[in-house]
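One-letter residues, chain by chain:
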Amino acid sequence: MTNQRTVPSIFVNRVHVGGCDHTFQAHQSGLLQQLLQQDLAYDYDLIVIGGGSGGLSCAQEAAVLGRKVMVLDFVVPSPRGTAWGLGGTCVNVGCIPKKLMHQAALLGQALTDSRKFGWEYSQQVRHSWATMMEAIQSHVGSLSWGRRLALRENAVTYVNSYGEFVEHHKVKATNEKGQEALYTAANFVIATGQRPRYLGIPGDREYCITSDDLFSLPYCPGTTLVVGASYVALECAGFLAGLGLEVTVMVRSVLLRGFDQEMAEKVGASMQQLGVRFLRKFVPVEVQQLEKGLPGRLKVVAKSTEGTETMEGVYNTVLLAIGRDSCTKKLGLEKIGVNISEKTGKIPVNGEEQTSVPYVYAVGDVLEGKPQLTPVAVQAGKLLARRLFGGRSEKCDYVNVPTVVFTPLEYGCCGYSEEKAGEVCQAENLGVYHTLFWPLEWTVACRDNNTCYAKIICNKLDNDRVIGFHVLGPNAGEITQGFAAAMKCGLTKQLLDATIGIHPTCGEVHPPGLQGWGGAPCALEGGVSTASGTRPKTGVRTAACESLSSLRWAGVHHLGDHQGIRTGHHAEGLLRLGPAAPSCPAPRR
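Asks: Can you walk me through the overall build of the protein chain in this structure?
Replies: Helix and strand content of the protein chain: 16 helices and 28 strands. When each of the 589 residues of the protein chain is scored for burial, the buried share is 51%. Within the protein chain, contacts between residues separated by at least 24 positions form 63% of all contacts whose residues are at least 6 apart in sequence. Within the structure as shown, the protein chain displays about 26,900 Å² of accessible surface, and the carbon and sulfur contribution to it stands at 51%.

Asks: Help me understand the sheet that holds strand β15 (residues 310-315) in this model?
Replies: Within a sheet, each strand pairs with its neighbour through backbone hydrogen bonds, oriented either parallel or antiparallel. Judged by pairing direction, the sheet is antiparallel, and its three strands sit side by side in the order β13-β14-β15 without closing on themselves. Whereas interior strands pair on both sides, the edge strands pair on one side only; in this sheet they are β13 (282-291) and β15. Averaged over all neighbouring strand pairs, the angle between strand axes comes to 20 degrees, with direction disregarded. Relative to β15, strand β14 (residues 297-304) runs antiparallel, the two sharing six bridges. Note that in β15 the partner of Val300 across the bridge is Gly313.

Asks: Help me understand unusual backbone geometry in this model?
Replies: If a residue is not glycine, its phi is most likely negative; likewise, a peptide bond is most likely trans. Residues Val7 and Pro8 are joined by a peptide bond in cis, for which omega reads 0 degrees. With respect to the helices and strands, the residue Pro8 is situated in the segment before β1 (10-12). Following His503, the chain continues into Pro504 via a peptide bond in cis, with omega recorded as -10 degrees. Counting through the fold element by element, Pro504 comes out in the loop between α16 (493-498) and β24 (528-530). Phi is positive for Ala155, which is not a glycine, with a value near 60 degrees.

Asks: Is there a simple way to explain the packing of aromatic side chains in this structure?
Replies: Each aromatic ring pair is specified by the distance between its two centres and by the angle formed by the two planes. Applying the stated criterion to the full structure yields six aromatic pairs. Of the aromatic side chains, those joined through ring pairs into one cluster are Phe165, Phe188 and Tyr359. Against the face of Tyr44 rests Lys68, its NZ or CZ located 5.0 Å from the ring centre. Just above the ring of Tyr453 sits the side chain of Lys266; from NZ or CZ to the centre is 4.3 Å.

Asks: When you look at the pairing of strand β20 (residues 411-415) in this model, what are you seeing that I'm missing?
Replies: β20 sits mainly inside the fold: four of its five residues count as buried. Sheet topology note: the strand β19 (residues 403-405)/β20 ladder contains three bridges and is antiparallel. Among the inter-strand pairings, Val404 is bridged to a residue of β20, identified as Gly412. Connecting the antiparallel pair β19 and β20 is a turn made up of five residues.

Calculation notes
- Residues numbered from 1 in each chain as written.
- Predicted model: local features only at pLDDT ≥ 70, side-chain atom pairs only at ≥ 80, totals over all residues.
- Heavy atoms only, no water.
- Helix = DSSP H or I, 4+ residues; strand = E, 2+ residues; numbered from the N terminus.
- Buried < 20%, exposed > 50% of the residue type's maximum accessible area, 1.4 Å probe, protein only.
- Contact = heavy atoms within 4.5 Å.
- Areas by Shrake-Rupley, 256 points an atom, 1.4 Å probe, with all protein chains shown as cover.
- Pairing = 2+ DSSP bridges.
- Axes fitted to C-alpha atoms, helices over the stretch in contact; angles between N-to-C directions.
- Phe/Tyr/Trp six-rings, centres within 6.5 Å; stacked < 30°, edge-to-face > 60°.
- Lys NZ or Arg CZ within 6 Å of the ring centre and 35° of its normal.

By themselves these figures say nothing about function.
Now the structure itself:
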């Protein structure tokens, strides 16, 4: 259970200290003396600092296992004064309100499509920001209350105070009135998460908002500049545009850093089709207030990242989504010797979420090098409690965790990006299978037939095992979940080919739609240029290798002949369909 493979392996009062070196370090820090004290009496078996999804999962599981547990949670208001209740980022200012606003935008598109399906309505359709926000915040509030109720039912002590270590096994809890209390525990879990990062330029904290503020904003933001190219930036830009607002995204370098760059560029292209404007290679250097109001008017001065060019723009709202910083700096961790990465502010842990101090653990977004996703934190927290108090040994599996970017056209993925797969397995050992597809629902609505895209990446040296799954299309999250389970079970290209799809769905584009791609690599001249570089011709397989009749397309419609795109074409043209039906006008926005 300790992962230590050397001897001696020293335990003191049921706490694993480690080997000789670790025991000597514990002696120097004073930890050993505390552990050796007889009849140790702590206030709690476990104190969790942070009331987000991971922390609450751990706390409740420990309580179910009969332990005395406390949760310390305090939300420091944003520079705009926004704060929220129990539940952390996901419930209050993340996944939940984001997905609901995404749904609001999709309903707007559905209204447009409905005319093609025979729905007639004469009155002008308008969106009410206030009505939407009231409904979403009502639901968010019910979820937060439900989490408080769950803690109460499991006899977990909840204290709305800021936790800070003052010495080994002891924390100081400070509430909003400045009142302090001290608590001790045998074990601690750090689950404080992250908060949005600011630019550090004149006017950013005074006039800009972040995702902390957007999801409870009482007024419509109007013309909006989104600064950043993270998934948060693109998701927010997407649903704001879908609600009918004028949206500009200012990008410093690349879209969706860390994701597959071919897919990222396709996400950006799909957003441009919806009217989102992208300003590439610029960063803001100053934000000025031109006019007060809700939302008011702001002037943004930006500078090129590739030269001396500057530009100015006027917006009603500036939303910063340039990244997030871990909430670890003011927890007093240095007082007890918990190591923190100087570069990222995150906490390094071993395979059991244990920090450099044996009785202190961490879960969630504060972990160094782990996926920053709510289901990951929930799973890690629950399994940690079971190991600590339930005699279990199962650890959280951080490999092949699926995720979805909820842009207007959703992007789901699991496993490696094409870039990462090339680093790990070498490009010549990869088989890449890909296709554009046209959802059946889009045909009658006459929506673009060259937008939705699917790709799998296989390791040819490992029986063509699928090591990367990517899909851009409607309901990508629902599609990706099942394929993630299959990848956990060792999905191969052969197994994928043998799978019969459900007709007619977008999900079936992967089993039958890719089935004919198992032949020899295409003889493309020199390779195929993509956003991630040039694929060598020996590592690429496309539907151009086969005749159209050899592919079993079902559930999605394709027009014209498939054509292999040669060197020099952009990423959107890897597999191009023929011309759209002439009877279909351009989709209305």
